[in-house]
Amino acid sequence: MRLGNNIRRFRFDHNEMSQEELAKAIGVTRQTIFSIEKGKFVPSTLLALKLARFFKKSVEETFYIVEDVKSARR
Amino acid sequence: MSEFKKWQTILKIVLIIAIVGGIVIGSAIKGKQEQVETTYEKIFKISAFFIVFLALFLYWILPNTKLARHFKMNESLFIASHILGIVCGITGLAAAILWQQVIVKTHLFEFIVVLFGFIFVYWAMILKARKSANVSDILDEKQIDNIRKAATVTLFVVSCILLIMYFISYHEVFTLEGKIWFLCYFFMTLLIYSGSTLYYFKKE
């Protein structure tokens, strides 16, 4: 099970905001935003809430669980 | 007392103890030595005092000036610090193994460390300018997570490597002078820690 997100989509909907601009707005590094978007880094609850609040979305709209094939078959 | 002020007080006490202890130990050692100090040694000691006082000046004075608003941690500084750590680690380790006599007698170890030391004096200046005692206040959660993982990896890997080096040395395949063991441990830790941090920062 992985954590998926819609951050990249929200960024583009938000006047094609860059990762750098989003990182600056939230107070993290660009690499952190990149890693979250790629699903390589799971943000803390606080960071997830900050990101959701920035895009004026709920946490559930911003993040979702990606079921892998094995658990889906079960 | 706030955590920042507590940390500042502890730092001042440690510094005073280090200076007094250094003077006492230095005098004791000098009393036992019969050799004449070379010009190189004198120049080294003067340079060392100058560098230490410069670092202290930068740390205690600059964060209280208007320049402090320019002191910021960013991604580039984080990456540069760890690249420097890798470079110093490789240089120091190579010098410690290949030029065992030279690295100690010429104080090459101290010169390699000084550059790296100044980067972290700058980190301390950023903390002081922010009036914070927590590194987590200037690094984001991913950087803290990467550092924690790197520290764990470093502890394990360095222990394994030193154990292997001990067995090799025990069977007299390859020996290191007494003083070199610490330098090998120091530079190996620096190299693996900086390399791991950068790896996790970029790959995760």
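These numbers were taken from a predicted model, which means no experiment stands behind them. (Residues numbered from 1 in each chain as written. Chains lettered and ligands numbered in written order. Predicted model: local features only at pLDDT ≥ 70, side-chain atom pairs only at ≥ 80, totals over all residues. Heavy atoms only, no water.)

S.K.: Can you break down the state of the cysteines residue by residue, with the values?
M.R.: All names here are of chain B. By the definition in use, this model includes zero disulfides over all chains. Here Cys-88 stays free of any disulfide, with the sulfur of Cys-184 as its closest cysteine sulfur at 16 Å. Taking the relative accessible area as the measure of exposure, Cys-184 reaches 0% and is therefore buried. (Disulfide = S-S within 2.5 Å. Buried < 20%, exposed > 50% of the residue type's maximum accessible area, 1.4 Å probe, protein only.)

S.K.: Help me get a handle on the environment of B:Glu3, residues and values and all.
M.R.: Residues and elements named next belong to chain B. Its place among the elements puts Glu-3 in helix 1 (residues 3–32). The sequence separation of Glu-3 and Ala-129 amounts to 126 residues, and the corresponding C-alpha distance is 14 Å. Contact partners of Glu-3, with chain neighbours within four places excluded, come to Ala-133 and Asn-134. (Helix = DSSP H or I, 4+ residues; strand = E, 2+ residues; numbered from the N terminus. Contact = heavy atoms within 4.5 Å.)

S.K.: Mind laying out the packing of aromatic side chains, listing which residues take part and the relevant values?
M.R.: A complete count under the given rule lists 18 aromatic pairs over all chains for this structure. In this structure an aromatic cluster arises from ring pairing among B:Phe78, B:Phe116, B:Phe120, B:Trp123 and B:Phe201. Positioned over the ring face of A:Phe10 is A:Lys57, at 5.1 Å from the centre of the ring. Seen from the ring of B:Tyr59, B:Lys128 lies directly overhead, with NZ or CZ sitting 5.6 Å from the centre. (Phe/Tyr/Trp six-rings, centres within 6.5 Å; stacked < 30°, edge-to-face > 60°. Lys NZ or Arg CZ within 6 Å of the ring centre and 35° of its normal.)

S.K.: Go over the side chain of B:Thr197 with me, naming the residues and quoting the values.
M.R.: All names here are of chain B. Relative to the helices and strands, Thr-197 resides in helix 7 (residues 178–203). Residue classification places Thr-197 among the buried residues on the basis of a relative accessible area of 0%. When neighbours within four sequence positions are excluded, Thr-197 is seen to be in contact with Phe-78, His-82, Asn-146, Ile-147 and Ala-150.

S.K.: Can you break down helix 3 (residues 30–37) of chain A residue by residue, with the values?
M.R.: Summarising burial for helix 3 of chain A: six of the eight residues are buried, a large majority. Downstream of helix 3 of chain A by a residue or two, A:Gly39 has a phi angle that is positive, lying close to 80°.

S.K.: Go over helix 6 (residues 141–170) of chain B with me, naming the residues and quoting the values.
M.R.: For helix 6 of chain B, built from 30 residues, the straight-helix expectation of 44 Å at 1.5 Å per residue is met to within 8% by its first-to-last C-alpha distance of 43 Å. Among the residues of helix 6 of chain B, B:Lys142, B:Gln143, B:Ile144, B:Asn146, B:Ile147, B:Ala150, B:Thr154, B:Val158, B:Leu162, B:Met165 and B:Ser169 are the ones counted as buried. Lining the buried residues of helix 6 of chain B we find helix 3 of chain A together with helix 3 (75–98) and helix 7 of chain B. With a side-chain oxygen lying 3.1 Å from the backbone nitrogen of B:Lys142, the N-terminal cap of helix 6 of chain B falls on B:Asp140. B:Glu172 lies just past helix 6 of chain B and shows a positive phi near 60°. (Expected span 1.5 Å × (residues − 1). Polar contact = N/O pair within 3.5 Å; in protein donor to acceptor, adjacent residues only side chain to side chain.)

S.K.: Just give me the short version of the interface of chain B and chain A, but keep the residues and values in it.
M.R.: When the parts of a complex come together, some accessible area is lost, and that lost area is often taken as the interface size. Across the contact, 10 residues belong to chain B and 12 residues belong to chain A. Summed over both sides, the interface between chain B and chain A buries roughly 930 Å², with carbon and sulfur atoms accounting for 50% of that surface. Between A:Arg30 and B:Glu75 there is a salt bridge whose closest N-O contact spans 4.0 Å. Of all elements in the fold, only helix 6 and helix 7 of chain B reach the threshold of two or more residues within the side of chain B that touches chain A. In terms of residue count, helix 6 of chain B provides more of the side of chain B that touches chain A than any other element does, four residues in total. Counted by class, the side of chain B that touches chain A contains one nonpolar, one polar and eight charged residues. (Buried area = accessible area lost by both parts, 1.4 Å probe. Salt bridge = Lys/Arg side-chain N within 4 Å of Asp/Glu carboxyl O. Nonpolar A, V, L, I, M, F, W, Y, C, P; charged D, E, K, R; others polar.)

S.K.: Could you give me a rundown of the confidence of the model for chain B, with the residues and numbers involved?
M.R.: Residues and elements named next belong to chain B. In this model, chain B carries a mean pLDDT of 84, and residues with pLDDT of at least 70 account for 95%. No element of chain B has a lower mean pLDDT than helix 1, which averages 74, and none a higher one than helix 6, which averages 93. Both scores are available for the predicted complex, with the pTM at 0.81 and the ipTM at 0.82. (pLDDT = per-residue confidence, 0-100.)

S.K.: Got a sec to walk through the layout of surface pockets? Specific residues and values, please.
M.R.: Put simply, the second largest pocket is a space of about 660 Å³. Lining the second largest pocket are 28 residues, and of these A:Gly27, A:Val28, A:Thr29, B:Met73 and B:Ile138 lie nearest its centre. Sorting the residues of the lining of the second largest pocket by element identifies helix 2 (19–26) and helix 4 (45–54) of chain A together with helix 6 of chain B as the ones contributing at least two each. No other element matches helix 2 of chain A, which puts four residues into the lining of the second largest pocket. When the residues that make up the lining of the second largest pocket are grouped by side-chain class, the tally is 11 nonpolar, six polar and 11 charged. (1 Å grid on protein atoms, 1.4 Å probe; cavity = no way out; pocket = protein on both sides within 12 Å on 5 of 7 lines; lining within 4 Å. Points joined across faces, edges and corners; volume = space filled by probe spheres on them.)

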